[in-house]
Each structure stands twice: as C-alpha cells, then as structure tokens.
Amino acid sequence: MAKHILDFSNYAEQQTSEGIQAGKYLARITKAVDSESKNGNTYILLNMQVIGGPKEHVESKSVLVDRLTLSDNALFRMANFLPAIGIPVDKKVAFDSKQFIGKKVVAIVDMEEYQGQPRPAVKRYAPVATWEGELPAAPATAAADDFEEEAEELTRVLIAMLPNPFRLMAQFLRMIL
C-alpha cells in the first residue's frame, strides 16, 4: 500500500466570495502567505473573513481574497494597505506578513470580470476607525474556551513544579483571586 503525505498548511475551509458586491466591508485578515508569481514577482496572498458590510451581501463564510504585489510598480497598494492596518509608511518599512493575521481592516470592493464572470476585487483599504456600519460583537468561541483551559492547565503544572511551601501559597492565592 502506498504511503501518502498531504500538506494542509495552506488549506482553508470551504470559503466563498459569492454574494459580495461592490461596497465597503469590514474584514479580519485570516491568512497572509508570501508567494511568488509565475513571472517572479513576490506577493502576499491575503484571505479576509468578512465580518461586516451590506447585510444582503454578507454570508457567514464570505471571504475576500487579495494579492499585494511587492514590486515598485505596485507600491501604491502597500502604501494604502499598511497604514490601514496600523503600520505607518515611512521611507523604509520592515514587516512580516504573519503580523497581518488577526488585524481588522475596511476593504473597498469593486467588481471586475475574470474569465467571463464578475468577481469582487479589493481596490483600496481604510482603517477600521473609518467604518460607518455596526461593529460586530465578539462571539464567544471555542478558541477562547480552549485558551482558558490551556492557561488553567499551565497554571496547575507550574504550581506542581514549585517546592511544597510555595505550592501551598500559590494554591491559596489562586483560590482567593
């Protein structure tokens, strides 16, 4: 029997840009991957989960995709994107695309034709402070619960590693705090 190895590091759940029309959308960056185009240009592939926008155009799994090319001819896109996520643009800017993940941004979308079909295309970005719609409430997530459980487990492990008199003190403080 053949042994197979699958690399899921760049896999994302089924997502769609279906239903997204031209307009302004509040989005959270969920993926930022450095890549290279066929003609050798470096770009950053962004996936952005839509969390706000025209109600009739937003589905729970709506995702905007954008490619930010890191070439001199496309610097205007980075000069627009970086300040929108809180990174000031000066003569030189150093960043790691991984720091984009989790940031919120307003994406200004127009429709363009691709292979004969209309599709949303992010044309500009704006800071969240410019968002005119409702800001969504942060839902309680399993990730937050998992974090709390991990923090509790780590606390138990660290207390167990303390010498006995300190362990008793730490357990007492944990109970009263």
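Up top is the structure.
No experiment lies behind these values; they were computed from the predicted model shown. Sequence order as written defines residue numbering, which begins from 1 separately in each chain. The predicted nature of this model means local features are confined to residues of pLDDT at least 70 and side-chain atom pairs, given and counted, to a pLDDT of 80 or more, with totals for whole chains, interfaces and linings taken over all residues. Excluded from the side-chain calculations are hydrogens and water; all other atoms, namely the structure's heavy atoms, are used.

K.L.:
How do you make sense of the overall build of the protein chain when you look at a structure like this?
P.N.:
Across its full length, the protein chain carries three helices and five strands. Elements are defined by DSSP. Helices are runs of H or I of four residues or more, strands are runs of E of two residues or more, and each kind is numbered from the N terminus. Along the protein chain, helices (α) and strands (β) appear in the sequence β-β-β-α-β-β-α-α when read from the amino end. Sequence separation of 24 or more characterises 51% of the internal contacts of the protein chain that already satisfy a separation of 6 or more. Just so you have it, the protein chain exposes about 12700 Å², and 55% of that area is on carbon and sulfur atoms. Contacts are residue-level and defined by heavy atoms, with any inter-residue pair within 4.5 Å sufficient. Where accessible areas are quoted, they stem from the Shrake-Rupley method and a 1.4 Å probe; at the residue level, only the protein chains shown are allowed to cover.

K.L.:
In this structure, what is going on with the packing of aromatic side chains? I would like to understand it.
P.N.:
Aromatic ring pairs: the centre-centre distance and the angle between the two ring planes describe each pair. Ring geometry is summarised as follows: Phe, Tyr and Trp rings, the Trp one being its six-membered ring, pair when their centres sit within 6.5 Å, and such pairs are stacked at plane angles under 30 degrees, edge-to-face over 60 and tilted between the two. Considering all chains together, one arrives at three aromatic pairs under this definition. One aromatic cluster is present, built from ring pairs that chain together Phe81, Phe95, Phe100 and Tyr125. Put simply, a charge is over a ring when the Lys NZ or the Arg CZ is close to the ring centre, within 6 Å, and near the line of the ring normal, within 35 degrees. For the cation-ring pair, Arg119 lies above Tyr114, with the distance from its terminal atom to the ring centre recorded as 4.1 Å.

K.L.:
What am I meant to see in the pairing of strand E1 (residues 23-36) here?
P.N.:
Note on strand geometry: in a regular strand, side chains alternate between the two faces of the sheet. The sheet contact formed by E1 and strand E4 (residues 104-114) spans six bridges and is antiparallel. Across the sheet, Leu26 pairs through a bridge with Val106, a residue of E4. Between E1 and strand E2 (residues 42-52), which follow one another and run antiparallel, lie five residues, and Gly40 among them has a positive phi close to 90 degrees. Each pair of strands is called paired provided DSSP finds at least two bridges between the two strands.

K.L.:
Explanation requested: the pattern of salt bridges in the structure shown.
P.N.:
When the charged atoms of two side chains with opposite charge come close together, those side chains can pair. One speaks of a salt bridge when a side-chain nitrogen belonging to Lys or Arg is within 4 Å of a carboxyl oxygen belonging to Asp or Glu. Under the defined criterion, the tally for this structure stands at three salt bridges. Salt-bridge contacts for Lys123 lead to Glu112; the nearest nitrogen and oxygen are separated by 3.3 Å. With Lys123 in strand E5 (residues 117-126) and Glu112 in strand E4, the pair connects residues that are 11 residues apart, well separated along the chain. Think of it in three bands: with a 1.4 Å probe and only protein chains considered, a residue is buried below 20% of the maximum accessible area for its type, exposed above 50%, and partly exposed in between. Taking the relative accessible area as the measure of exposure, Lys123 reaches 37% and is therefore partly exposed. Owing to a relative accessible area of 28%, Glu112 belongs among the partly exposed residues under this scheme. The structure contains a network of salt bridges with shared partners spanning Glu112, Arg119 and Lys123.

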